[in-house]
Amino acid sequence: MYQDYKLYLQDELFHIEEAGLSKKERIIVSPQGALIKVIGGKEVINFCANNYLGLSNDSRLIEAAKNALDTRGFGMSSVRFICGTQDLHKKLEASIAKFFGTEDTILYAACFDANGGVFEPLLSEKDAIISDALNHASIIDGVRLCKAQRYRYANADMKDLENQLIAAQAQRFRLIVTDGVFSMDGNVAPLDKIYELAEKYHAMVMVDESHSAGVVGKTGRGVTERFNLRGKIEILTGTLGKAFGGAIGGFTTGKKEIIDLLRQRSRPYLFSNSIPPMVAAAGIRMFEIMNETNDLQDKLHKNTAYFVERMIAAGFDIKPTESAICAVMLYDARLSQEMATRLLDEGIYVTGFYYPVVPKGQARIRVQISAAHETAHLDKCITAFTKVARELAIIK
Ligand SMILES: *Cc1c(COP(=O)(O)O)cnc(C)c1O
């Protein structure tokens, strides 16, 4: 059989390559940070990690992880409910709930699992899920696993959401689900309006805070802080793999009864391993740091404003952003690739995105700002963008 199947796979791979859609991995030989060393020894300034608060290589988190490694061992070799729950897991869950102003939290190996395991236990074919068209792949997959009726609204389009809510009135319970920040544009979901519509049409709300937690809101508490809705949203999901240290781990946090039921029925929780003690310990330390000071969030917000302002002044077309994601619009797939390659030659590591990752004719370079960046890094990036864009006749 495999001889035939192999030919089929080779053909598939050829078409991916031919369409220019093949994803290549660049090998990094240093810790994650503002400056990274790539294989061959070249040092570049990194503008494409989700390391928003610069915590991926933070000495305080490393120390907490090392300490847990010494005192609690390497791994749990169990799911949570059999023999995989340490005090560290409970403490981290409490820290997350405190951070978001929610009632309880359940940990997962990743946010992909949190989203994969949230819908199916909570909703049935009698219910409705109303989902933003640009929601993350893990939400889409999670919704697929659930028997609820599916409705979809255009990205952040409140008129369309209202229409879908009207259509969903026949169902028993309704859940609106949205990303907090959409990763391609950096726009924030209009949670104030979503919440109003949820009230009006008798629905609950779920927000995936993966790109917004630690970033959005004055103190980085996410979109519920930004829109003054702390404690009001039924379900939040998020990751420990982006702003919160960047290692691994995801969570669902929100209303107590929802979390209670997920602990009983959520399949990625019941049938997948506990996160390692060192990851839990570093997470606890990370939330302590967040409670002690707002320095990292302040620096991130300052950096983002600085970068966006100067890029616009330099003549670039930047998508309106309320996050640490800055989409530099080029509208041409080939150009976005060419530009990213030339920027790398200048020591600036960014990624070009084009169809099918973004709509046709919407090619861009996504720049992700971090609290780890110093003003000199941002200046170098702006200078390199300006130089390359002039060479490519993108700006004057
Ligand atoms: C990154 C991301 C995830 C996945 O998080 P992991 O913890 O890496 O699995 C889920 N949802 C959104 C919106 C994301 O951006």
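Structural data are supplied above this passage.
Residues numbered from 1 in each chain as written. Predicted model: local features only at pLDDT ≥ 70, side-chain atom pairs only at ≥ 80, totals over all residues. Heavy atoms only, no water.

Novice: Got a minute to help me understand the site of the ligand in this structure?
Specialist: Lining the immediate surroundings of the ligand are 13 residues, of which Cys-111, Phe-112, Asp-208, Thr-239 and Lys-242 lie closest. At 2.8 Å, a backbone N or O of Cys-111 approaches an oxygen atom of the ligand. Notes on the ligand: free accessible area 390 Å², of which the protein chains cover 82%. Ranked by residues supplied to the shell around the ligand, first place goes to helix α5 (residues 111-116) with 3 residues. Across the shell around the ligand, the residue classes break down as 3 nonpolar, 7 polar and 3 charged. (Near = heavy atom within 4 Å. Polar contact = N/O pair within 3.5 Å; in protein donor to acceptor, adjacent residues only side chain to side chain. Areas by Shrake-Rupley, 256 points an atom, 1.4 Å probe, with all protein chains shown as cover. Helix = DSSP H or I, 4+ residues; strand = E, 2+ residues; numbered from the N terminus. Nonpolar A, V, L, I, M, F, W, Y, C, P; charged D, E, K, R; others polar.)

Novice: Is there a simple way to think about the pairing of strand β2 (residues 43-46) in this case?
Specialist: A regular strand carries its side chains on alternate faces of the sheet. Summarising the sheet, strand β1 (residues 35-37) and β2 pair through 3 bridges and their orientation is antiparallel. Its bridge partner lying in β2, Lys-37 is registered against Glu-43. Counted along the chain from β1 to the antiparallel partner β2, the turn is 5 residues long, and its residue Gly-40 has a positive phi close to 100 degrees. Of the strand pairs in this sheet, β2 and strand β11 (residues 348-349) are connected by 2 bridges, and their pairing is parallel. Within β11, the residue paired with Asn-46 across the bridge is Tyr-349. (Pairing = 2+ DSSP bridges.)

Novice: Can you help me understand the sheet that holds β11 in this one?
Specialist: By definition, the strands of a sheet pair up through backbone hydrogen bonds, in either a parallel or an antiparallel sense. The 3 strands are arranged β1-β2-β11 in an open sheet whose pairing can be described as mixed. Of all strands in the sheet, those with a lone pairing partner are β1 and β11, marking the two edges.

Novice: Would you explain the pattern of salt bridges in this entry?
Specialist: When charged atoms on two side chains of opposite charge get close, those side chains can pair. The full count for this structure, using the stated rule, is 23 salt bridges. Between Arg-263 and Glu-93 there is a salt bridge, and its shortest N-O distance comes to 3.1 Å. With Arg-263 in helix α11 (residues 256-265) and Glu-93 in helix α4 (residues 87-100), this pair connects stretches of sequence that are 170 residues apart. Each of the two residues, Arg-263 as well as Glu-93, counts as buried. Of the charged contacts, one joins Arg-144 and Asp-141 as a salt bridge, the two residues approaching to 3.1 Å between their closest N and O atoms. In this pair, Arg-144 and Asp-141 both sit in helix α7 (residues 137-144), 3 residues apart, roughly one turn of the helix. Taking relative accessible area as the criterion, Asp-141 reaches 30% and is therefore assigned partly exposed. Beyond isolated ion pairs, a larger network of salt bridges with shared partners links Arg-80, Lys-90, Glu-93, Asp-104 and Arg-263. (Salt bridge = Lys/Arg side-chain N within 4 Å of Asp/Glu carboxyl O. Buried < 20%, exposed > 50% of the residue type's maximum accessible area, 1.4 Å probe, protein only.)

Novice: Looking at this structure, I do not really get the packing of helix α2 (residues 59-72) against helix α13 (residues 277-292). What am I missing?
Specialist: How two helices pack is summed up by the angle between their axes together with the distance between the axes. Direction vectors running N to C along α2 and α13 enclose 140 degrees, while the axes themselves pass 8 Å from each other. Viewed along their axes, α2 and α13 adopt a mutual orientation that is oblique. Of the two possible hands of crossing, α2 and α13 adopt the one that is right-handed. Contact residues: α2 offers Arg-60, Leu-61, Ala-64, Ala-65, Ala-68, Leu-69 and Arg-72, while α13 offers Pro-277, Met-278, Ala-281, Ala-282, Arg-285, Met-286 and Ile-289. Its residues assigned to classes, the contact of α2 with α13 comprises 11 nonpolar, no polar and 3 charged. (Axes fitted to C-alpha atoms, helices over the stretch in contact; angles between N-to-C directions. Parallel < 35°, antiparallel > 145°, perpendicular 65-115°, else oblique. Left-handed = near helix turned anticlockwise from the far one by under 90°. Contact = heavy atoms within 4.5 Å.)

Novice: What is the right way to look at the nonpolar core in this model?
Specialist: A general tendency of soluble globular proteins is for nonpolar side chains to be buried together. Within the largest apolar cluster, 89 residues are counted, with the highest numbers of intra-cluster contacts made by Ile-176, Phe-244, Met-339, Ile-365, Val-367 and Phe-385. Take this core: its biggest share by element is 10 residues, from α13. Other than its neighbours up to four places away in sequence, Phe-244 contacts Phe-99, Phe-100, Ala-213, Gly-214, Thr-239, Phe-251, Met-286 and Phe-287. Residues Leu-123, Val-143, Val-177 and Ile-259 belong to the second largest nonpolar core, which totals 20 residues. (Core = buried A, V, L, I, M, F, W, Y, C linked by side-chain atoms within 4.5 Å.)

Novice: What is the right way to look at the side chain of Thr-239 in this model?
Specialist: Secondary-structure assignment places Thr-239 in strand β8 (residues 235-239). The class for Thr-239 is buried, based on a relative accessible area of 12%. A distance of 2.8 Å separates the side chain of Thr-239 from the backbone nitrogen of Gly-241, its partner in a polar contact. There is a polar contact of 3.3 Å between the side chain of Thr-239 and the backbone oxygen of Gly-249. Non-local contacts of Thr-239, meaning those with residues more than four positions away in its chain, are made with Cys-111, Ser-210, Phe-244, Gly-249, Gly-250 and Phe-251.

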